[in-house]
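So the chains spell out like this:
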Amino acid sequence: MALLEIDNVSVHYGIQRGTVKAVEKVTLKLDRGETLGLVGESGCGKTTAAYAITRLLPDNGDIVEGTITFDGTVIAGSEEEMALSPRKRKKFVENTMVDFRWDEVAMIFQSAMNAFNPVFKVGDQIAEAIRAHDDITKQEARKRVLELFKLVGLDSERIDGYPHEYSGGMRQRGMIAMALACNPKLIIADEPTTALDVIMQDRVLAEIRDLQRKLGMAMIIITHDISVVAEVAEKIGIMYAGRIFEYGDIDAVFERPANPYAMGLLASFPSIIGEKKPLYSIPGSPPDLANPPSGCKFHPRCKYAKEICKDQEPETIEVEPNHFSLCHFALELFNGQLKEVR
Ligand SMILES: Nc1ncnc2c1ncn2[C@@H]1O[C@H](COP(=O)(O)OP(=O)(O)OP(=O)(O)O)[C@@H](O)[C@H]1O
Ligand SMILES: [Mg+2]
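Computed from a predicted structure; not experimentally measured.

What follows concerns the pairing of strand 12 (residues 323-326). By the bridge criterion, two bridges tie strand 10 (residues 243-249) to strand 12 in an arrangement that is antiparallel. Counterpart to E246 in the pairing with strand 12 is S325. Relative to strand 12, strand 11 (residues 316-320) runs antiparallel, the two sharing four bridges. Its bridge partner being in strand 12, E318 is matched across the sheet by F324. With antiparallel pairing between neighbouring strands as the criterion, strand 11 and strand 12 make up a hairpin whose turn holds two residues, including N322 at a positive phi of roughly 60°.

Written out as structure tokens, the structure is:
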């Protein structure tokens, strides 16, 4: 049984001028100990997908279809939940998710810089999180925080420091310690290093990877940066306009992508292996998700687009075992038989 199964999940936000379809029909699977990299341009729905899993969507956000199953338990979209009115559903989610967050799934937030409460000491905040889940004394919790500090490379003297006394990198490490506090089975790291300088980025990333392997946790790492995914993940999901455009093992997707958007995104990053090539940039910009284009949402930017792409949304095609692409011409692309039309 997979640790996490996301099946056909769509998330909508209600706004004044209509509905933002931020995540659409997303299907993903993650095994124990496995790492998935979720990439895509800004606004394609990565954070929304993470918030759907942790059930932390803001009040105007709702999972409108699909189910999420974690370790055998349906945590979103169960019959019991869907039978309730939207208001009662929020309450239901709050009640059922309390023990689940941090304990089973922990999240390192995109804005980790501000994730700590400024008026409490960092060590106390982590100790509180532990004590909320484990019935242990304050002293025991403090001991555990010290162990965590050591694990993430924070000086033990910092335990009584306030968030503003921490540098950016230290706060990020503090956030990682917080995420590890309850030994979760899954960590979702949303852009865990973008606010850091490159050297610190590398260090923090290496640390996250080490810890994750050592502790056997599964991880979803969300990032704009494909080279980060190449470094840490076994699987990759490439999102565009709320949908997964390509998904599979990293080697399979990097070596033989089967989707025009994925190909464009891969070509826009320097190759880690292989020859030097000029970098490509995908023309145009992502659509407004409150008013997306018809057919395939990528068609206005796609250099292979044909009539059908304007009219009809494509289905996801499995081009080889466990390698999926959302494109009318996925198989032709995979087999190198498709010609550019512009
Ligand atoms: N609370 C909200 N209300 C309305 N729309 C929202 C809300 N939060 C996000 N959105 C919209 O949903 C879409 C997906 O946003 P999301 O934050 O999930 O993207 P992202 O891929 O994480 O982007 P980034 O890489 O910039 O973090 C965007 O169009 C965004 O404007
Ligand atoms: Mg985001």
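Another aspect to go through is the side chain of R171. Locating R171 in the fold gives a position in helix 6 (residues 168-180). Nearest to the buried, unbridged R171 among oppositely charged side chains is E165, at 10 Å. Within the structure, the side chain of R171 is placed 3.3 Å from the backbone oxygen of Y166, a separation counted as a polar contact.

Let us now look at the nonpolar core. Counting 108 residues, the largest nonpolar core has L4, I68, I126, L186, I188 and I220 as its most contacted members. The element contributing the most residues to this core is helix 6, with seven residues. Two domains each donate at least three residues to this core, and these are domain 1 (4-233) and domain 2 (238-334). Apart from the residues lying within four places of it in its own chain, the contact partners of I220 are L4, L30, L36, L38, I53, L186, I187, I188 and A189.

Turning our eyes to something else, we now look at the sheet that holds strand 3 (residues 35-39). Spatially, 6-7-8-3-9-10-12-11 is the arrangement adopted by the eight strands of the open sheet, whose pairing is mixed. On the outer flanks of this sheet lie strand 6 (105-108) and strand 11, each paired with one strand and no other. Neighbour-to-neighbour, the strand axes of the sheet open up by a mean angle of 20°, direction not taken into account. Against the sheet, helix 10 (residues 260-267) touches strand 3, strand 9 (235-240) and strand 10, its axis set at about 105° to strand 9.

The subject of this paragraph is the site of ligand 1. Around ligand 1 lies a shell of 16 residues, among which S42, G43, K46, T48 and Q110 are the nearest. At 2.5 Å, a side-chain N or O of S42 approaches an oxygen atom of ligand 1. In this structure, an oxygen atom belonging to ligand 1 sits 3.2 Å away from a main-chain N or O atom of C44. With the chains in place, 71% of the 640 Å² that ligand 1 exposes on its own is no longer accessible. Going through the elements one at a time, strand 1 (4-15), strand 2 (18-30) and helix 1 (46-54) are the ones with two or more residues in the shell around ligand 1. Residue contributions to the shell around ligand 1 peak at three residues, all from helix 1.

Here is what the cut-offs are and how they apply
Residues numbered from 1 in each chain as written. Chains lettered and ligands numbered in written order. Predicted model: local features only at pLDDT ≥ 70, side-chain atom pairs only at ≥ 80, totals over all residues. Heavy atoms only, no water. Pairing = 2+ DSSP bridges. Helix = DSSP H or I, 4+ residues; strand = E, 2+ residues; numbered from the N terminus. Buried < 20%, exposed > 50% of the residue type's maximum accessible area, 1.4 Å probe, protein only. Lys, Arg positive; Asp, Glu negative; His and termini not counted. Salt bridge = Lys/Arg side-chain N within 4 Å of Asp/Glu carboxyl O. Polar contact = N/O pair within 3.5 Å; in protein donor to acceptor, adjacent residues only side chain to side chain. Core = buried A, V, L, I, M, F, W, Y, C linked by side-chain atoms within 4.5 Å. Domains from an automatic or database assignment. Contact = heavy atoms within 4.5 Å. Axes fitted to C-alpha atoms, helices over the stretch in contact; angles between N-to-C directions. Near = heavy atom within 4 Å. Areas by Shrake-Rupley, 256 points an atom, 1.4 Å probe, with all protein chains shown as cover.

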